[in-house]
Amino acid sequence: DVKVTQSSRYLVKRTGEKVFLECVQDMDHENMFWYRQDPGLGLRLIYFSYDVKMKEKGDIPEGYSVSREKKERFSLILESASTNQTSMYLCASSSDSGVLTDTQYFGPGTRLTVL
Amino acid sequence: AQSVTQLDSQVPVFEEAPVELRCNYSSSVSVYLFWYVQYPNQGLQLLLKYLSGSTLVKGINGFEAEFNKSQTSFHLRKPSVHISDTAEYFCAVSGSGGGADGLTFGKGTHLIIQP
């Protein structure tokens, strides 16, 4: 089974802190994604990566950056956390088999609260 | 650009009754369609997906969905629901960028099963 793990289930940070959210997948997937989930808004794509050291902006990249130094690990960075970044963050990965339809596998999520 | 509309934010249903969760999409390119389920305090998992071919797609846990191109819909159905089906359901679309571009999600429908 594909496994996507996220470093924390719950995280509380203060405004202005630098925050790192870590995601690791164990299936040698090429593609990795970060979403945020908010009530009534569904999931929104923040950033994605289709290869090591590659990254692409999603729909809402402002205030975030990412790092992918190794294939299995994709980090989301909040340079200076703000209260409007309080949310559930979901990481996902998918294979790049050449078919543009691969299933995304999700981690359990990190619920971040910024005070 | 593509978008997904889930017409109902909440659907209450009695146990063993049938249910339909509605999803409409808009896209200027060929699409691939997905339904994901999120059980309480868990990440998302794939229920089913439409890639091509038969417009009736069967998924896990007795769910099925029908792709209707003329109505741009991909409604999810189950003939008889159980308490364990209580969850948030998300419809998603993947456009010409395919899985490597991330998915566009609807805002979700909370399915509430009443005993």
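Keep in mind that what you see is a predicted model, and the values were worked out from it rather than measured.

Quick notes on the rules
Residues numbered from 1 in each chain as written. Chains lettered and ligands numbered in written order. Predicted model: local features only at pLDDT ≥ 70, side-chain atom pairs only at ≥ 80, totals over all residues. Heavy atoms only, no water. Helix = DSSP H or I, 4+ residues; strand = E, 2+ residues; numbered from the N terminus. Rg over C-alpha atoms; globule rule 2.2 N^0.38 Å. Buried < 20%, exposed > 50% of the residue type's maximum accessible area, 1.4 Å probe, protein only. Contact = heavy atoms within 4.5 Å. Areas by Shrake-Rupley, 256 points an atom, 1.4 Å probe, with all protein chains shown as cover. Lys, Arg positive; Asp, Glu negative; His and termini not counted. Charge placed at Lys NZ, Arg CZ, Asp CG, Glu CD. Core = buried A, V, L, I, M, F, W, Y, C linked by side-chain atoms within 4.5 Å. Polar contact = N/O pair within 3.5 Å; in protein donor to acceptor, adjacent residues only side chain to side chain. Pairing = 2+ DSSP bridges.

Student: Sorry if this is basic, but what is going on with the overall build of chain A here?
Tutor: Regarding its fold elements, chain A presents 0 helices and 11 strands. Shown N-terminal to C-terminal, the secondary structure of chain A runs as helices and strands in the order β-β-β-β-β-β-β-β-β-β-β. Scaling as 2.2 N^0.38, a compact globule of 115 residues should have a C-alpha radius of gyration of about 13 Å, and chain A matches this with 13 Å. Burial analysis of chain A (115 residues in total) assigns 48% to the buried set. Across chain A, contacts joining residues at least 24 apart in sequence account for 56% of those joining residues at least 6 apart. Of the roughly 5600 Å² that chain A leaves accessible, carbon and sulfur atoms contribute 50%. With 15 positive and 16 negative side-chain charges, chain A shows a separation of 8 Å between the mean positions of the two kinds.

Student: How do you make sense of the nonpolar core when you look at a structure like this?
Tutor: Taken as a class, soluble globular proteins show a tendency for nonpolar side chains to be buried jointly. Grouped together as the largest cluster of nonpolar side chains are 28 residues, with contacts concentrated most on Trp-35, Leu-48, Leu-76 and Tyr-89 of chain B. Elements with a minimum of two residues in this core: strand 2 (10-14), strand 3 (19-21), strand 5 (32-38), strand 6 (44-50), strand 8 (64-68), strand 9 (73-78), strand 10 (87-94) and strand 12 (109-114) of chain B. Setting aside residues up to four positions removed in sequence, Leu-76 of chain B forms contacts with Val-19, Glu-20, Leu-21, Trp-35, Leu-47, Leu-48, Phe-63, Glu-64, Ala-65 and Tyr-89 of chain B. Judged by nonpolar contacts, the second largest core, of 20 residues, contains Val-4, Val-19, Leu-21 and Ile-46 of chain A.

Student: For this particular structure, what's the right way to read the side chain of Arg-36 of chain A?
Tutor: Residue and element names in this part refer to chain A. Note that Arg-36 resides in strand 4 (residues 31-38). In this structure Arg-36 comes out as buried when scored by relative accessible area, which is 8%. Polar contacts involving the side chain of Arg-36 include one to the side chain of Tyr-64, which spans 2.9 Å. At a separation of 3.4 Å, a polar atom in the side chain of Arg-36 contacts the side chain of Ser-87. Once residues lying within four places of it in the same chain are set aside, the contact partners of Arg-36 are Gly-42, Leu-43, Arg-44, Ile-46, Ile-60, Tyr-64, Asn-84, Gln-85, Thr-86, Ser-87, Met-88 and Tyr-89.

Student: Help me understand the side chain of Asp-85 of chain B, please; the structure alone is not making it clear to me.
Tutor: All names here are of chain B. Here Asp-85 lies in the loop between strand 9 and strand 10. Among the residues examined, Asp-85 registers a relative accessible area of 3% and is labelled buried. When neighbours within four sequence positions are excluded, Asp-85 is seen to be in contact with Phe-63, Lys-78, Leu-111 and Ile-113.

Student: In this structure, what is going on with the environment of Leu-48 of chain B? I would like to understand it.
Tutor: All names here are of chain B. With respect to the helices and strands, Leu-48 occurs in strand 6. A C-alpha to C-alpha distance of 6.6 Å links Leu-48 and Lys-58, two positions 10 residues apart in sequence. Apart from the residues within four sequence positions on either side, Leu-48 is in contact with Leu-33, Phe-34, Trp-35, Val-57, Lys-58, Gly-59, Phe-63, Glu-64, Ala-65, Phe-74 and Leu-76.

Student: Got a minute to help me understand the pairing of strand 10 of chain B in this structure?
Tutor: Residues and elements named next belong to chain B. For strand 10, the tally of buried residues reaches 7 of 8 residues, placing the bulk of the element in the interior. Summarising the sheet, strand 5 and strand 10 pair through 7 bridges and their orientation is antiparallel. Bridging from a neighbouring strand, Trp-35 pairs with Cys-91 of strand 10. Judged from the 3 bridges that link them, strand 10 and strand 12 form a sheet pairing that is antiparallel. Its bridge partner being in strand 12, Ala-87 is matched across the sheet by Leu-111. As judged from the 2 bridges shared by strand 10 and strand 11 (residues 104-105), these two strands associate in the antiparallel manner. The partner of Val-93 across the bridge, within strand 11, is Thr-104.

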